[in-house]
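Structure assessment
Given next are the chains, with one letter for each unit.
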Amino acid sequence: MDGQSSSIVPKGTWDTHLHVLDPETFPYKPDRTYTPAAAVLEDLMTSTLADCFLIVQASVENGMEATLQHLQNASKQFPDKAFRAEIEIPGGATFTDEEFKHMSDLGVRAVRLHGEIGMSGDILEGVKAMCPLNIWNDVGEWLVTSPEMQDITIIVEHNGRIDPTRDIASYPELDTLLDLLSRHQSKFAVKICGINRLESSSDTPGRISKIPSAVLAIIQTVPDLVIWGSDWPHTDYKIHGTQFAANKVVDLSNEVKLLTEALTPELCSKLFRDNAARLFT
């Protein structure tokens, strides 16, 4: 991404979904479902348009240690930028108050759940879960009312796993999610990320031709809840196999240009900067 591209987003833009991957130092899980190529901090800094970052522990990483180390390294190497992190906590793990405070002081702000719900602890300012759309609709009301989830923001990951090919005029599952989000705006946030995974009609790989209407519907319906993520380094993968190691080349400048053309300046400020700043700083 060229040095001029950052002018299309507001100063202080947050990238709330990216991975830093160093498999030589921190080997991946042996039972992983895909094998992404290495993606180091220096490469991120040459390809980003953001000023603030949420480093997300990838599902293939074998524990939180790599993410915590990347977080410390990033803050030292790039002191003019802001870095936070999102980690996975293994089932059954216990931590002392001092350990929670240490992680919070480092910049950990959220815990990532892969299709699982229900975790508590002082460190959890946010819980982010990657669930299919129908699961959000099934458990949404429980998330709002459960005592276990009090004072925890639930971050709906990857656009709620919507189907970009559906006509939003006849998409009742999306309507149900938007109704839930609209009624409980203090409880949720929505990650607008991985748009290049959703829209594939372009003849040019990594360069989308439009923003899916379902994504725009989420942004326009709950503008105070949406946060943007690049999904860098755009890991590609094979389900049921670990040999495919490429990271896709994605034209993020084009993606952001399409978003800024489709949205008002006020909506862009909320999506790219204001909502994430409120959540993670």
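Before any of the text, the structure's been laid out above.
My aim in this report is to walk through the structure given alongside it, one point at a time.

Analysis parameters
Residues numbered from 1 in each chain as written. Predicted model: local features only at pLDDT ≥ 70, side-chain atom pairs only at ≥ 80, totals over all residues. Heavy atoms only, no water. Core = buried A, V, L, I, M, F, W, Y, C linked by side-chain atoms within 4.5 Å. Buried < 20%, exposed > 50% of the residue type's maximum accessible area, 1.4 Å probe, protein only. Helix = DSSP H or I, 4+ residues; strand = E, 2+ residues; numbered from the N terminus. Contact = heavy atoms within 4.5 Å. Phe/Tyr/Trp six-rings, centres within 6.5 Å; stacked < 30°, edge-to-face > 60°.

Counting 44 residues, the largest nonpolar core has Ile-162, Ile-192, Ile-218, Leu-259 and Leu-271 as the members making the most contacts within it. Here this core takes 6 residues from helix α7 (residues 213-221), the largest share from any one element. Sequence-distant contacts of Leu-259, that is, excluding residues within four places in its chain, are made with Ile-195, Ile-211, Ile-219, Trp-228, Cys-268, Leu-271 and Phe-272. In terms of nonpolar packing, the next biggest core, distinct from the first, is built from 29 residues, Leu-21, Met-45, Val-60 and Trp-232 among them.

In this description, a pair of aromatic rings is defined by centroid distance and the angle of the planes. Enumeration according to the criterion identifies 4 aromatic pairs in this entry. Ring geometry for Phe-53 versus Phe-83: centroids 5.2 Å apart, planes at 20 degrees, classification stacked. Taken together, the residues span a long stretch of sequence, with Phe-53 in strand β2 (residues 52-56) and Phe-83 in strand β3 (residues 82-87) at a distance of 30 residues. Residue classification places Phe-83 among the buried residues on the basis of a relative accessible area of 2%.

Let's shift gears to unusual backbone geometry. Note the cis peptide between Trp-232 and Pro-233, where omega equals 5 degrees. Tracing the backbone shows Pro-233 in the loop between β8 (226-229) and α8 (252-262). Of note in this structure, Asn-159 is not a glycine but carries a positive phi near 60 degrees. Relative to the helices and strands, Asn-159 is located in the loop between β6 (153-156) and α5 (172-183). Take Asn-159: its relative accessible area is 1%, and that puts it in the buried class.

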